[in-house]
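What the coordinates show
One-letter residues, chain by chain:
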Amino acid sequence: MNADIVFVLDATATMGVFIDRFRREFLPEFTKQIEKIAEKDGGADVRYKFIIFRDYGSEGAAAIKQSGFYKIPEEEEKLNHEMLYIEAGGGGDSPENGLEAIYYAMKSEFAEGAGTQTIFFFTDADAVGLGERRGCEGYPEDMVDEQGLKDVWSGKAPSRLTQKGKKLVIVAPENTAYSRLAGELDKTIFKPAAKSGNLNDIELSDMFEVLGLL
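The notes below deal with the structure included here.

Rules and cut-offs
- Residues numbered from 1 in each chain as written.
- Predicted model: local features only at pLDDT ≥ 70, side-chain atom pairs only at ≥ 80, totals over all residues.
- Heavy atoms only, no water.
- Helix = DSSP H or I, 4+ residues; strand = E, 2+ residues; numbered from the N terminus.
- Buried < 20%, exposed > 50% of the residue type's maximum accessible area, 1.4 Å probe, protein only.
- Contact = heavy atoms within 4.5 Å.
- Areas by Shrake-Rupley, 256 points an atom, 1.4 Å probe, with all protein chains shown as cover.
- Lys, Arg positive; Asp, Glu negative; His and termini not counted.
- Charge placed at Lys NZ, Arg CZ, Asp CG, Glu CD.
- Phe/Tyr/Trp six-rings, centres within 6.5 Å; stacked < 30°, edge-to-face > 60°.
- Lys NZ or Arg CZ within 6 Å of the ring centre and 35° of its normal.
- Core = buried A, V, L, I, M, F, W, Y, C linked by side-chain atoms within 4.5 Å.
- Axes fitted to C-alpha atoms, helices over the stretch in contact; angles between N-to-C directions.
- Parallel < 35°, antiparallel > 145°, perpendicular 65-115°, else oblique.
- Left-handed = near helix turned anticlockwise from the far one by under 90°.
- Nonpolar A, V, L, I, M, F, W, Y, C, P; charged D, E, K, R; others polar.
- Expected span 1.5 Å × (residues − 1).
- Bend = angle between axes of the 7 residues up to and from the residue.
- Arc of directions from axis to C-beta.

The subject of this paragraph is the overall build of the protein chain. Secondary structure summary: the protein chain contains six helices and seven strands in total. When the helices and strands of the protein chain are listed from N to C terminus, the series reads β-α-β-α-β-β-α-α-β-α-β-α-β. Seen along its three principal axes, the alpha-carbon backbone of the protein chain occupies a region of about 50 × 40 × 30 Å. Within the protein chain, the fraction of its 214 residues that count as buried is 50%. Relative to all contacts within the protein chain whose residues are 6 or more apart in sequence, the contacts with residues 24 or more apart total 72%. Entry remark: accessible area of the protein chain is about 9,700 Å², with carbon and sulfur atoms responsible for 46%. When the 25 positive and 38 negative side-chain charges of the protein chain are each reduced to one mean point, those points stand 4 Å apart.

This is how it looks when you write it as structure tokens:
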């Protein structure tokens, strides 16, 4: 079975503490847990991908960056090396372009055939509406609107997501575009975060409970 996992991280300045925790604590433990599940299920081809986002209004074309998929554990060293270059900074005033990052995650080059596609999304701020940064340097001309985003998730628009295997986990403040979106998408888990504190109130171990849904 294929198990593709995309981590989408807000990399603006206020997320520095969280990104450090993610790199040092969460990712190594997450990998241990996912390997245990793979062994229990008779083996799985596990791959990780990263997307970081800021704000097109202040960062231009550098607002969103994506990695390719890394096979775990074979390419874990390469992945860890790339993680060293993920640093929090910039972003301008809240909110940021997280919805565009979710779109790119949904459109990832997931493995074909039976398997699972899980997206973990982390931010401490609200989202700019899709299209509101249109006209800024680097903003994609073909970016969808919110209905288009929902169409990708539901299978009405082309993607490599499978309706049986998909899962979206959003960690974000309540009463934001993300909490509303989570309530409108199937197979989506929303975990509230405080609007300040760099997600320090989030227990990363809570993320492990969704592993059984992979």
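Take unusual backbone geometry next. The omega angle of the peptide bond from Ile72 to Pro73 is 10°, so this bond is cis rather than trans. Structurally, Pro73 is set in the loop between strand S4 (70-72) and helix H3 (76-83). A positive phi angle, close to 55°, is found at Asn175, a residue other than glycine. Tracing the chain through its elements places Asn175 in the loop between strand S6 (166-173) and helix H6 (177-184).

Let us look at the packing of aromatic side chains. The relative placement of two aromatic rings is captured by the distance of their centres and the angle of their planes. Under the defined criterion, the tally for this structure stands at 20 aromatic pairs. Ring plane angle 75° and centroid distance 5.4 Å describe the contact between Phe7 and Phe22, whose orientation is recorded as edge-to-face. Note that Phe7 is positioned in strand S1 (residues 2-10) and Phe22 in helix H1 (residues 16-40), a separation of 15 residues in sequence. Look at Phe22 and you get buried, because its relative accessible area is 0%. Each ring, one from Phe26 and one from Phe122, has its centre 6.2 Å from the other, and the planes form 70°; the classification is edge-to-face. Here the residue Phe26 occupies a position in helix H1, and Phe122 occupies one in strand S5 (residues 115-122), the gap between them amounting to 96 residues. By relative accessible area, Phe122 is classed as buried at 0%. Put simply, the rings of Phe7, Phe18, Phe22, Phe26, Phe30, Tyr48, Phe50, Phe120 and Phe122 pair up and form one aromatic cluster. Its guanidinium or amino end placed over the ring of Phe69, Arg47 lies 4.1 Å from that ring's centre, counting from NZ or CZ.

With that out of the way, let us pick up the nonpolar core. The biggest cluster of nonpolar side chains holds 34 residues, and the ones touching the most others in it are Val8, Met106 and Tyr178. Mapped onto this core, the elements with two or more residues apiece are S1, strand S2 (45-53), helix H4 (98-106), S5, helix H5 (146-154), S6 and H6. A total of six residues in this core trace back to one element, the largest contributor, which is H4. Phe18, Phe22, Phe50 and Ala193 belong to the second-largest nonpolar core, a separate cluster that totals 30 residues.

Packing of H5 against H6 brings their axes to within 11 Å, and their N-to-C directions diverge by 45°. If you check the angle between H5 and H6, you find them oblique. The chirality of how H5 crosses H6 is right-handed. For the pair formed by H5 and H6, the contact residues are Glu146, Leu149 and Lys150 on the first element and Arg180, Leu181 and Glu184 on the second. A breakdown of the residues in the contact of H5 with H6 according to their chemical character gives two nonpolar, no polar and four charged.

Under the 1.5 Å per step criterion, the end-to-end length of H1 is 35 Å for 25 residues, consistent within 8% with the ideal 36 Å. Remark: the principal bend of H1, roughly 45°, maps to Phe22. Of the residues making up H1, those classed as buried are Phe18, Ile19, Arg21, Phe22, Phe26, Leu27, Phe30, Thr31, Ile34 and Ala38. If you follow the buried residues of H1, they end up packed against S1, S2, S4, H3 and S5.

Looking now at H6. Restricting attention to buried positions, one finds in H6 the residues Ala177, Tyr178, Leu181 and Ala182. Projected onto a plane normal to the axis of H6, the buried residues spread over an arc of 130° and lie on a single side. Residues of H6 that are buried make contact with S2, H4, S5, H5, S6 and strand S7 (188-193).

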